[in-house]
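Architecture and fold: a report
These are the residues of each chain, in order.
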Amino acid sequence: MRPMLHHHELSAAVRAAISAAQAAGTLPSFDIPDVLVERPRETTHGDYATAVALQLARPARMAPLKIAEAIVGHIALPDYIGETTAVAPGFINFRLSKVWLQSLPDRILAPAGDFGRVDLGQGHKKAQVECVSANPTGPITLGRTRGGVIGDTLHRVLEAAGYDVTLEYYYNDAGRQITLLGESVKVRYLQELGQPAELLDEYYQGDYIIDLAKDLIAANGDALVEMPTDTFAEYARERISLQQKETLARIGIVFDVYFREQSLYETGAVWKTLEELRKRGYIYEKDGAQWFRTTGFGDDKDRVVVKADGEPTYRLPDIAYHWDKAQRGFDLVVDIFGPDHHATAPQVLMGVRALGYSSDFVHTLLHQIVNLVRGGNQVKMSTRRGLFVTLDELVDEVGADAIRYFMISRSANSPVDFDLDLAVEQSDKNPVYYIQNAHVRCAGIFRKWAEAGLPEDADEDADLRLLTHERELAFLRKALELGDVMEMIATTCEPHRLAFYAYDLAALFHPAYEECRVLHSDVPEPLRLARLRFYRTARAVFARVLELMGMSAPDVM
RNA sequence: GCCCCCGUAGCUCAAUUGGACAGAGCGUCGGCCUUCUAAGCCGAAUGUUGCAGGUUCGAGCCCUGCCGGGGGCACCA
């Protein structure tokens, strides 16, 4: 089993120390609270710290510093902690043992690919991440791309955190949008054949519709003129879905499940959901429509779930879908929505609760928009006029790695300004290159090492206590944080932390690389081997972090 | 009118979920290539965290009220 994260062990150690101090009469009797151990911002405060003594001042009726001292006096330290101090106004600081830190390379390199794993999911919890979920009516847009990258990054992180994760796309293949799609393609088909047909305002305007029509003509000539719009809709839906799937795969997003809305009709789940809600007293009829009593859950007005014409609104299948998620037994469901769905997300959760489930297992993640910037100016986009940059075009222009990085380079709550010039710039100004170059530099050392005909595993028994350079130790400290970062992301669903971590890691790597030579002739042999071990470690850490972000770890650029 | 997000250095954004002196990048200014290493490094300057109250040992973070920006408020999805 993987070891616990240090801050958890220290938390337990502090609780035990409080208990011991109480037994010894050094501290009075009180209930021992949860002890939060965190990494202080200020490195002079050590590697871990807790403010628990400050919180205990009131229940213990003692000066915080005295409490901190009592705790320090009774604590049993794990081997990786070198020293513990109580400092004013009452913080307890822990500092990593230098020898232990120097041994970190062996710990990181030992189980290949396991570094950064944590145990939140305990190997059995089931999680689902739902994202993109675009209608199959057009190319993937940048907003959906952002949701997709956020979702896939979470998928990777949750998996590393011990969850069994399903990445899922809710595929909206029923209803009006699809009908419109069919009509749009048919109009273009007729127009391309020179027959009169008018593309109405509400139809899809993009050129890709014309392309689909041309393909139909190439394959069928004018044989489809009399066919119903359903034929065109079905064709377009399949083609576009496939295209979306291929495009997403270009940036490393591969879904485990495509959940079709239509299947909720085929299995009767939609109507079953309505009846279940009705049975539970949440449905009433008004003006010929069926209303869901969302006001019972704090909504400002009730919502129509079946229109007067007998057709369900999108809410009913959405609720049916989430009922299905609840029944599938996920411990955690992450729903990722763009800014255009901010208002509807709560209504689905109301549906889940109305069906008798807690909605606590659902984490709704709302993200802001993506703006494209070129030459310092915002690129104007309009979906309605078909004037938008698609994911495919963006991959062609800047590549998958830059897209993956920049989409998570901001908190979901902040808009992303995607700078097309920066994304392809090959310099330290471009964080994508800056980070990947750290991996390239490591790989370069080993390439040169091999070219000199030296044995690949020469550093295996290196004396790691020779890693005394402050740059090396600072990097190792940061590398150790990966587990904490993973845990934080898995609990908060905030993958931007990974992007920031990767950058910070690179910012600590490059100075070390600058100052700590390996192959240079004046480096003594034992130190050379220790540093070789260090760079082997750094390479592994960057490879791991880049993998978690779905980015490539190049050996040359 | 109601709901959501945001307001932090000149600009774009972080801030370990309430902790210690609020940090990065860009931009600006000044240094560093006979060195696996300039696709890089070192250094400098920059803040009333929109405003006003409140909660407490402690608030950028929580509560209330304002101000400003963005998005959303269908029997569309």
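All values derive from a computational prediction rather than experimental measurement. (Residues numbered from 1 in each chain as written. Chains lettered and ligands numbered in written order. Predicted model: local features only at pLDDT ≥ 70, side-chain atom pairs only at ≥ 80, totals over all residues. Heavy atoms only, no water.)

1. So, the overall build of chain A
A count of helices and strands for chain A gives 21 helices and 15 strands. On the principal axes, the C-alpha backbone points of chain A span a range of 85 × 65 × 40 Å. The buried share of chain A, taken over its 557 residues, is 51%. Of the contacts formed within chain A by residues at least 6 apart in sequence, a portion of 72% connects residues at least 24 apart. Carbon and sulfur atoms make up 49% of the accessible area of chain A, which totals about 25,400 Å². Of note, chain A has its 60 positive side-chain charges centred 4 Å away from the centre of its 80 negative side-chain charges. (Helix = DSSP H or I, 4+ residues; strand = E, 2+ residues; numbered from the N terminus. Buried < 20%, exposed > 50% of the residue type's maximum accessible area, 1.4 Å probe, protein only. Contact = heavy atoms within 4.5 Å. Areas by Shrake-Rupley, 256 points an atom, 1.4 Å probe, with all protein chains shown as cover. Lys, Arg positive; Asp, Glu negative; His and termini not counted. Charge placed at Lys NZ, Arg CZ, Asp CG, Glu CD.)

2. Focus: the packing of aromatic side chains
For any two aromatic rings, the description comes down to two numbers: the centre-to-centre distance and the angle of the planes. By the definition in use, this model includes 25 aromatic pairs. Taking the centre distance of 5.5 Å and the plane angle of 70 degrees together, the rings of Phe 475 and Phe 534 count as edge-to-face. Note that Phe 475 is positioned in helix α18 (residues 470–480) and Phe 534 in helix α21 (residues 525–548), a separation of 59 residues in sequence. For Phe 475, a relative accessible area of 0% translates into the label buried. Accessibility expressed as a relative area gives 0% for Phe 534, which makes it buried. Joined through ring pairs, the aromatic side chains of Phe 475, Phe 509, Tyr 513, Phe 534, Tyr 535 and Phe 542 make up one cluster. (Phe/Tyr/Trp six-rings, centres within 6.5 Å; stacked < 30°, edge-to-face > 60°.)

3. What about the pairing of strand β8 (residues 283–286)?
Two faces make up the sheet, and in a regular strand the side chains alternate between them. One ladder, built from 4 bridges, connects β8 with strand β9 (residues 289–292); its direction is antiparallel. Pairing of Glu 285 across the sheet is with Gln 290, part of β9. (Pairing = 2+ DSSP bridges.)

4. Details of the sheet that holds strand β3 (residues 81–87)
Read from one edge to the other, the open sheet built from 4 strands follows the order β1-β2-β4-β3, with strand pairing classed as antiparallel. The sheet terminates laterally at β1 (37–38) and β3, the two strands that pair on one side only. Relative to strand β2 (residues 48–50), β1 runs antiparallel, the two being bridged by 2 bridges. Bridging from a neighbouring strand, Val 37 pairs with Thr 50 of β2.

5. Things to note about the side chain of Gln 102
For Gln 102, the position within the fold is in helix α4 (residues 98–102). A distance of 3.2 Å separates the side chain of Gln 102 from the backbone oxygen of Arg 465, its partner in a polar contact. (Polar contact = N/O pair within 3.5 Å; in protein donor to acceptor, adjacent residues only side chain to side chain.)

6. Some details on the protein's contact with RNA strand B
Residues in close proximity to RNA strand B total 67 residues, the closest being Arg 39, Arg 58, Asp 428, Thr 492 and Arg 517. Each atom of RNA strand B within 4 Å of the protein was assigned to sugar, phosphate or base; sugar and phosphate come to 63%. One nitrogen or oxygen atom from the side chain of Asn 93 is found 2.6 Å from a base nitrogen belonging to RNA strand B. Ser 427 has a polar backbone atom sitting 3.5 Å from a phosphate oxygen of RNA strand B. At the level of secondary structure, the elements contributing two or more residues to the surface near RNA strand B comprise α2 (52–60), β4 (91–96), α7 (176–192), β9, α17 (431–451), α19 (482–492) and α20 (496–515). For the surface near RNA strand B, the leading source of residues is α20, giving 8 residues. A breakdown of the residues in the surface near RNA strand B according to their chemical character gives 26 nonpolar, 21 polar and 20 charged. (Near = heavy atom within 4 Å. Nonpolar A, V, L, I, M, F, W, Y, C, P; charged D, E, K, R; others polar.)

7. A few points about the sheet that holds strand β11 (residues 332–337)
Backbone-to-backbone hydrogen bonds join strands into a sheet, with any given pair of strands oriented parallel or antiparallel. With parallel pairing, the 5 strands of this open sheet are ordered in space as β7-β6-β5-β11-β12. The open sheet terminates on both sides in strands that have one partner only, identified here as β7 (257–260) and β12 (362–366). Neighbouring strand axes in the sheet, compared pairwise and without regard to direction, differ in orientation by 25 degrees on average. Pairing geometry for strand β5 (residues 126–130) and strand β6 (residues 164–171), over 5 bridges, is parallel. Looking across to β6, one finds that Gln 128 is bridged to Thr 166. (Axes fitted to C-alpha atoms, helices over the stretch in contact; angles between N-to-C directions.)

8. Comments concerning helix α9 (residues 229–250)
The terminal C-alpha atoms of α9, which comprises 22 residues, lie 31 Å apart, in line with the 32 Å expected from a rise of 1.5 Å per residue. Within the sequence span of α9, burial applies to Phe 232, Ala 233, Ala 236, Arg 237, Ile 240, Ser 241, Gln 244, Thr 247 and Leu 248. Taken around the axis of α9, the buried residues stretch over an arc of 155 degrees, which confines them to a single face. Here the buried face of α9 lies against β6, α7, α8 (207–220) and α14 (391–398). (Expected span 1.5 Å × (residues − 1). Arc of directions from axis to C-beta.)

9. Quick notes on the pairing of β9
Side chains Ala 289 and Trp 291 project from β9 onto one buried face, and the interleaved Gln 290 and Phe 292 project onto a second face that is buried too. Connecting β8 to the antiparallel partner β9 that follows it, the hairpin turn spans 2 residues, and Asp 287 within it adopts a positive phi of roughly 55 degrees. One ladder, built from 3 bridges, connects β9 with strand β10 (residues 303–306); its direction is antiparallel. The residue of β10 that forms the bridge with Gln 290 is Val 306.

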